[in-house]
Amino acid sequence: GVGSAFEGWSPHGHDAVYRLLVPIKPPWGHTFHLELGSAGKMPAKDSCIRVELECTCTRNHPVENVLCFLHHREEALSRNQVSSLLDTLCTGSYLDVEKIACCFQNMVRSAWRKMPQSCCYIMKVLPSSRSCKLQLTNASGRSLFIEMMFGVQRGDSDIFLSSQTAEAIFTPSTMWAESYAVAEVKFFRHMAREAPRDTFHLKCLQLCAHTLVGTGFSTYTLKTIVMHLLNTIPLSSWRRKEFLMRLQDIMWYLHGCLEEKRLDHFFLGNENMPADIVLPPDMQTAKPINLFQYLVHDPTTHAKALREFSLL
């Protein structure tokens, strides 16, 4: 589980979308090669996952009489052996998000009939080309929304190449974006373990995020600011009696970032990171990325953002 609903601060309350990241691993006889895009820039938004067949002739397969795809591909297909990923879920040699989503949605429809929850909920698969969105409705008419995204892990780290991107409408189906969702949920769990019982940092984030709905400020911007503040303000100072002070800190941090036209990405080049969050080496040594870089080159957008902040 990733995202605000599992981190404990959803700005939409009961209307939260429960997002799940489904890790994809190469099946027998296949390997994944991650090709990070953006010419080495981070975070990478246009990465690809190349699929290669590997020889399994001399290896014992869990199922008997399964042929090696690399050397017996045509014979395997003629024997109705399960097809390789290159024949089913790829475009060319690259893993295709839209083909995976379509296949997964069909599997969910089939599996739902055998689930005990099918007696209590009506399931509807909502339209989506890059994920699997479900609406579960109970007898009283209340609905629960679930979105299952797909991700390929970068080594042993908490960073994934994810199927879901903000620019999904314009993103080719073989392109994947770097996702920090797993690292983020681990960060909030770490804070929950370290924090005193009456700590209100999640309530601060939830209230501010709810206030930003409908404005030009994204909840991810606010989430980044709160993560930075949690790394600098002791958790003992996030208790109920300091609630208004912390709300003020959040808003003034946002104001300072707007004035300076700079908001550093939380994970890139951040040396003050909990030990249980595993990042690739290149991210640990990277220079901080400015999430407000677009304001530097667009005075009109910058002026509009300052006006919106003054209204907030």
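Everything below is about the structure printed above this text.
Computed from a predicted structure; not experimentally measured.

(A) Structural detail: the overall build of the protein. Looking only at helices and strands, the protein has 11 helices and 10 strands in total. Within the protein, the proportion of its 312 residues that are buried is 43%. Of the contacts formed within the protein by residues at least 6 apart in sequence, a portion of 59% connects residues at least 24 apart. As displayed, the protein has an accessible area near 17200 Å², and 55% of this comes from carbon and sulfur atoms.

(B) Highlighting helix α8 (residues 243–260). Its 18 residues place the ends of α8 26 Å apart at the C-alpha level, agreeing with the 26 Å of an ideal helix rising 1.5 Å per residue. If you check which residues of α8 are buried, you get Arg-246, Leu-247, Ile-250, Leu-254, Cys-257 and Leu-258. Looking straight down α8, one finds its buried side chains confined to an arc of 125°; they lie on one side. Residues of α8 that are exposed and point more than 90 degrees away from the buried face comprise Leu-244, Trp-252 and Glu-260. On the buried face of α8, the contacting elements are α6 (201–212), α7 (219–230), α10 (293–296) and α11 (299–311). Just downstream of α8, Lys-261 is the residue with a positive phi angle, here 60°.

(C) Spatial organisation of the pattern of salt bridges. As enumerated under the stated definition, the model contains 12 salt bridges in all. A salt bridge links Lys-223 to Glu-7, with the shortest nitrogen-to-oxygen separation between them at 2.9 Å. Pair noted here: Lys-223 is in helix α7 and Glu-7 is in helix α1 (residues 4–7), with a separation of 216 residues, a long-range link. For the pair Lys-223 and Glu-7, one class covers both residues: buried. Measuring nitrogen to oxygen at the nearest pair gives 2.8 Å for the salt bridge that ties Arg-193 to Asp-276. Of this pair, Arg-193 sits in helix α5 (residues 181–194) while Asp-276 is found in the loop between α8 and α9 (281–284), placing the two residues 83 residues apart along the sequence. Overall, the relative accessible area of 53% leaves Arg-193 in the exposed class. The exposure class assigned to Asp-276 is partly exposed, which follows from its relative accessible area of 28%. The network of salt bridges with shared partners includes Glu-7, Glu-184 and Lys-223.

(D) A look at the nonpolar core. Within the largest apolar cluster, 40 residues are counted, with the highest numbers of intra-cluster contacts made by Phe-187, Leu-230, Ile-250, Leu-258 and Phe-267. At the level of secondary structure, the elements contributing two or more residues to this core comprise α5, α6, α7, α8 and α11. With 6 residues, α7 is the largest single contributor of residues to this core. Counting contributing residues per domain, this core is built from domain 1 (4–180) and domain 2 (195–310), each supplying no fewer than three. Once residues lying within four places of it in the same chain are set aside, the contact partners of Leu-258 are Phe-217, Phe-292, Leu-295, His-302, Ala-305, Leu-306 and Phe-309. By size, the runner-up hydrophobic cluster in this structure holds 27 residues, among which are Val-51, Cys-90, Met-123 and Trp-176.

Criteria and cut-off values
- Residues numbered from 1 in each chain as written.
- Predicted model: local features only at pLDDT ≥ 70, side-chain atom pairs only at ≥ 80, totals over all residues.
- Heavy atoms only, no water.
- Helix = DSSP H or I, 4+ residues; strand = E, 2+ residues; numbered from the N terminus.
- Buried < 20%, exposed > 50% of the residue type's maximum accessible area, 1.4 Å probe, protein only.
- Contact = heavy atoms within 4.5 Å.
- Areas by Shrake-Rupley, 256 points an atom, 1.4 Å probe, with all protein chains shown as cover.
- Expected span 1.5 Å × (residues − 1).
- Arc of directions from axis to C-beta.
- Salt bridge = Lys/Arg side-chain N within 4 Å of Asp/Glu carboxyl O.
- Core = buried A, V, L, I, M, F, W, Y, C linked by side-chain atoms within 4.5 Å.
- Domains from an automatic or database assignment.

Shape descriptors only; they carry no functional weight alone.
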